[in-house]
Amino acid sequence: MNVHATTAQEKSHVFKRANWFEHIELIMALISGVLIVLAYFTERQGGAPSIYVTLYLSAFLIGGYAKAKEGLTDTWETRSLNVELLMIIAAIGAASIGYWMEGAILIFIFALSGALETYTLNKNERALESLMELQPEQATRFDAAGGLEVVHIDDLKVGDRIYVRPGERIPVDGRILSGTASIEEAAITGESIPVDRTVGDEVFGSSVNLNGVLTLSVTKLATETLFQKIIQMVQQAQEEKSPSAQFIDRYEGRYVQIVLISVTAIILLGPVLTSWSLETSIYRGMILLVVASPCALVAAITPAALAAIASSAKHGILFKGGVHIENMGRLKAIAFDKTGTLTIGKPVVQTALVHPDMAAEDVYRVVSLIEEHSMHPLAEALVKFTGKHTGDMDHFKDITGSGIEATIDGTSYRVGKQKFADRSADFYREDVERLKAAGHTLVFVSDDKQTIGAFALRDTLRPEAKQAIERLNHLGIATIMITGDNEATARAIATEAGLTRYIAECLPEEKVEQIKLLKQEYGTIGMIGDGINDAPALATADVGIAMGEGTDAALETADVVLMKNDLVRLSSAIEQSRKLNRIVLQNVVFALGVILVLIATNIFELLVMPFAVVGHEGSTILVILNGLRLLSSSWD
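Every value quoted in this text rests on a predicted model; they were computed, and no experiment measured them.

**Some points on helix α2 (residues 24-44)**
Over its 21 residues, α2 extends 30 Å from the first C-alpha to the last, a length consistent with the 30 Å expected when each residue adds 1.5 Å. Every buried residue belonging to α2 is among E25, A29, S32, G33, L35, I36, A39 and T42, and all of these are buried. Looking one or two residues past α2, G46 carries a phi angle of roughly 80 degrees, positive in sign.

See the structure below:
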């Protein structure tokens, strides 16, 4: 029997059962409501007390079971009181003074609000389960004889060769050995537009091979793929509470103690210090027990934070926890690394200057033949610009830090820096100075007599960078570039992108100090980089943001990851975070306001138990629904 197949079947059965059981809390709450209605009409019609009291008790037990179990378990494990236990005590207290219906309604609405909160958690779980379902369980592997065998992905090892047919999901991360295909990477980047991949390119597990036959070399184990890291990151984000939620959790037990002490004081001291009778004091004490419970306050934050995290993940922005999504909305400035973040990270020839006595094609041929044999970072850009050429080359000499010297068709040529390859040509002097001032890197070409040309190269802005910076500036966020490049290059890129300011000639170890200085100047600071060499600066910033397309290292180093490297999403994430913070503030103010109003009206004997129950529990439902709006929040 295939053990892996059995495991998959078991997972399927568990998933189906989970689908049914995830609504059990809501079902029990609704049954409780039906029993309350039956009990109410039985009582109104003069039915026997034993009948309607039994119905109310059944409503108590069915509706309150889940919350009572949760409250008692939590109290036993943490040795502290909690809101769930407080509400059960309030319901029992109401019933003990004859308010069976009010106590049952309290349980019903409390159970209903709990079901809504569970719905939020389940929706996040379903999103996670739907992600997990995108992970294939089997792969087609080449065996030792070159044949094909179907194996479970857990049996794959690094270096194995696997075969992927059109329409199949790629089982694990790998490198293409043969074949070309359009790959849909929505599961990884959130972007539905396919990308073309060919021999030598990296592909990711759970992405879809749309139209090609591929042979891949496995580069990651199934448990270490980029897709698995995303799942782990989403799980971590769901489990980590925001600072606001942590604050409420920290003081919840103490607050419950204060409420119980206050209720006891009203009951015992009411007849002594006021004109209340003992019955009135008990009644007012039970109402205080109901209205002072911080249910709405507790539910004001977590459902909203979970909804915001789930919505962001769906749009390719991964937060590692509630603390980061709250801090994102408080950013006053963002520091940008230049290369690979604001710019594409590859230099491109912007301008070619050719001596007027030379044919451009002849100069291009010399540069192409020489640079094809160079390992310099600029060589690829020069060859791409000049095109492929044929010819014989002799006496090739790479002079480190200066350039290359070689002989072509009997003529000696130099390609490289100005001091090395510029042989006192004056035809382009003004152009050279202008290009230098604009931040270009100049590569000169000369024969054994004179300079015959010069090429101006520069890293180019990402297509979306200017729009992204404009949107951030519109949000009131300062944008600062920190780069190791020279002053001229930094100024040119900063001006083109529309940045607030820039810091040039900054060594990697100096970036951390610059971030600390910026924190002193602005307050809450974000840092965005490639997640590897910028790791110290990312960790120093209040929110470290990584460009995440294809780099699992980014998932390890940053608090937030832009999976598609789309800088425009940065402003959308900040707007989402600000919306979360606004909703949390609305919920907290509303919840506290309702509690204070209900306590005041109770003290002045203006509040009766039914309105206390509806006012208090109704506010809990409202704050949860307000938080759930983030699940359907629109993104630009």
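Text resumes after the structure shown.
**Comments concerning the pairing of strand β14 (residues 403-408)**
Among the 6 residues in β14, 5 count as buried, and that is most of the element. Where strand β13 (residues 393-399) lies against β14, 5 bridges are found, and the strand directions are antiparallel. Bridge pairing in β14 links D394 to T407. Sheet topology note: the β14/strand β15 (residues 411-416) ladder contains 6 bridges and is antiparallel. By the bridge assignment for β15, E405 is matched with R414. Remark: 2 residues form the turn of the hairpin made by β14 and β15, two consecutive strands paired antiparallel; D409 in that turn has positive phi of roughly 55 degrees.

**Details of the packing of helix α3 (residues 49-78) against helix α4 (residues 83-96)**
Contact pair α3 / α4: the axes reach a minimum separation of 7 Å and the direction vectors enclose 135 degrees. Relative to α4, α3 is oriented oblique. As for how α3 packs across α4, the hand of that crossing is left-handed. Here F60, G64, K67, A68, E70, G71, L72 and T75 of α3 lie close against α4, whose contacting residues are E84, L85, I88, A91, I92 and A95. Of the residues assigned to the contact of α3 with α4, the class counts are 8 nonpolar, 3 polar and 3 charged.

**Observations concerning the sheet that holds β15**
Strand order in this open sheet of 6 strands is β12-β17-β16-β15-β14-β13, and the pairing throughout is antiparallel. Two strands close off the open sheet at either side, each with one partner strand: β12 (343-354) and β13. Averaged over neighbouring strand pairs, the angle between their axes works out to 15 degrees when direction is ignored. Inspection of the sheet shows β12 paired to strand β17 (residues 451-461) by 8 bridges, in the antiparallel sense. Its bridge partner lying in β17, A352 is registered against F455. Across the face of the sheet, helix α14 (residues 360-371) comes into contact with β12, β13, β14, β15, β16 (441-446) and β17 while running at roughly 115 degrees to β14.

Cut-offs used in this document
- Residues numbered from 1 in each chain as written.
- Predicted model: local features only at pLDDT ≥ 70, side-chain atom pairs only at ≥ 80, totals over all residues.
- Heavy atoms only, no water.
- Helix = DSSP H or I, 4+ residues; strand = E, 2+ residues; numbered from the N terminus.
- Expected span 1.5 Å × (residues − 1).
- Buried < 20%, exposed > 50% of the residue type's maximum accessible area, 1.4 Å probe, protein only.
- Pairing = 2+ DSSP bridges.
- Axes fitted to C-alpha atoms, helices over the stretch in contact; angles between N-to-C directions.
- Parallel < 35°, antiparallel > 145°, perpendicular 65-115°, else oblique.
- Left-handed = near helix turned anticlockwise from the far one by under 90°.
- Contact = heavy atoms within 4.5 Å.
- Nonpolar A, V, L, I, M, F, W, Y, C, P; charged D, E, K, R; others polar.

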